[in-house]
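Spelled out from the first residue to the last, the chains are:
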Amino acid sequence: MKRVLLLSGLLLALAACSGHTVHRLEVDLLSFLPQDSRQGTLDLTQTEIQVPGDPAGQRVDLPGAEALVDGSVKAQAELENTGAIPATLRLEVRLGPKDDTDLYDGNGDVQAGTKEIRLDPGQKGPLSLDLLLKEGNPGYDLVKAGSFRIGAKLSLSGEKVSYKLTQAEVVLRLKLFNLIP
C-alpha cells in the first residue's frame, strides 16, 4: 500500500512538470478595489476614472515569468447614459514596468488595448475588453519580465453616465517545465 501511494505521488509530480502541462494563474484585480470605488458617475466635472486610482496602477509580481506561454487581460463595465445627449465611452488598459509611476504618460508604458461604445440618452450597455497577451503583442515583454504594473482608464465624452465595474482580471498560462535548466 505504501509503495502504491509513493508511486502514485511520483507519477502525479512528473505529470505536473511534464513538457505538455500548462498551469493557469488568475489574478482578480477587482479584489484590490474597495467596493465603493467600483461604481459611480462620470459627468462634465469628472470625465474619467483610473482603476486603481493611483496613476502608477497595480503592481503584479510573477515569479518564474520565463515560463509564460500566453495570457489575457479582461475588463468590463456596465454603463448607462443618464444624460440628455449621446455619450461616447472609452475603456483603455495600460501596462508598464514595475517602477513606472504613471501608466498614462506614455513614458515606458504601453497601451495594451482600447475599446469604445456610444450610448444614446437612456441607453444601457456593457463595454468589455478582452486582450490577448502573446509574443509580439503590446505588453507581453513587460509581463514576461516578471514584475509589471497594470491599470485601466474609463473616459467620457458626453454629459452624464453611470458606471459599474464588473470585471478586471489577468489570466496567465505558464509551462513550468520551461523553468528546468
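Just above, that's the structure.
The structure reproduced in this document is the subject of the present report. Keep in mind that what you see is a predicted model, and the values were worked out from it rather than measured. All residue numbers refer to positions counted from 1 along the written sequence of the respective chain. The predicted origin of the model limits local features to residues at a pLDDT of at least 70 and limits the giving and counting of side-chain atom pairs to 80 or more, whereas totals for whole chains, interfaces and linings rest on all residues. Excluded from the side-chain calculation are hydrogens and water; included are all heavy atoms of the structure.

## So, the pattern of salt bridges
What makes a salt bridge here is a side-chain nitrogen of Lys or Arg within 4 Å of a carboxyl oxygen of Asp or Glu, nothing more. A complete count under the given rule lists nine salt bridges for this structure. One salt bridge in this structure joins D70 and R173, with 2.7 Å as the shortest N-O distance. Here the residue D70 occupies a position in strand β5 (residues 68-81), and R173 occupies one in strand β10 (residues 160-174), the gap between them amounting to 103 residues. Judged by relative accessible area, R173 falls into the partly exposed class, the value being 32%. Where D109 meets R94, a salt bridge forms, and the shortest distance between an N and an O atom there is 2.6 Å. Taken together, the positions of D109 in the loop between β6 (87-97) and β7 (110-119) and R94 in strand β6 put the pair 15 residues apart, joining distant regions of the chain. By the burial criterion, D109 is buried, and R94 matches it. Through salt bridges with shared partners, one network takes in E48, R90, E92, R94, D109, E116 and K153. Runs of H or I in DSSP of at least four residues are treated as helices and runs of E of at least two as strands, each being numbered from the N terminus. Think of it in three bands: with a 1.4 Å probe and only protein chains considered, a residue is buried below 20% of the maximum accessible area for its type, exposed above 50%, and partly exposed in between.

## Comments concerning the environment of D100
Tracing the backbone shows D100 in the loop between β6 and β7. Relative accessible area serves as the criterion here: at 8%, D100 is assigned to the buried category. Residues D100 and R59, spaced 41 residues apart in sequence, show a C-alpha to C-alpha distance of 9.5 Å. Residues count as neighbours in contact if any of their non-hydrogen atoms are within 4.5 Å of one another. If near-sequence neighbours (up to four positions away) are discounted, D100 is found in contact with A56, D105, N107, G108, D109 and R149. As used in this structure description, the phrase polar contact means that two N or O atoms lie within 3.5 Å; if the pair is within protein, one of them must be able to donate a hydrogen and the other to accept it, and residues adjacent in sequence are counted only when both atoms belong to side chains. A polar contact is formed between the side chain of D100 and the backbone nitrogen of D102, at a distance of 3.0 Å.

## Some remarks on the side chain of E92
Within the secondary structure, E92 sits in strand β6. Overall, E92 belongs to the buried group, its relative accessible area being 6%. In terms of polar contacts, E92 uses its side chain to reach the side chain of R94, at 2.8 Å. In this structure E92 touches Q111, G113, T114, G151, A152 and K153, once residues within four positions along its chain are discounted.

## Concerning the environment of G158
Relative to the elements of secondary structure, G158 occurs in the loop between β9 (147-157) and β10. For G158, a relative accessible area of 21% corresponds to the partly exposed category. When the C-alpha atoms of G158 and L42 are compared, they prove to be 9.1 Å apart, with 116 residues separating the residues in sequence. Leaving out residues up to four positions away in the same chain, G158 has contacts with L44, I85, P86 and A87.

## Some points on the nonpolar core
To form a nonpolar core, buried Ala, Val, Leu, Ile, Met, Phe, Trp, Tyr and Cys residues must be joined to one another through side-chain atoms within 4.5 Å. Counting residues in each nonpolar core, the largest one holds 43 residues, and the members touching the most others are L79, L89, V93, L95, V143, I150 and L154. Of all the secondary-structure elements, those providing two or more residues to this core are β3 (48-51), β5, β6, β7, β8 (124-133), α2 (140-144), β9 and β10. If you tally residues by element for this core, the top one is β10, at seven residues. When neighbours within four sequence positions are excluded, L89 is seen to be in contact with L42, L79, K115, E116, I117, L119, L127, L154, S155, L156 and V161.

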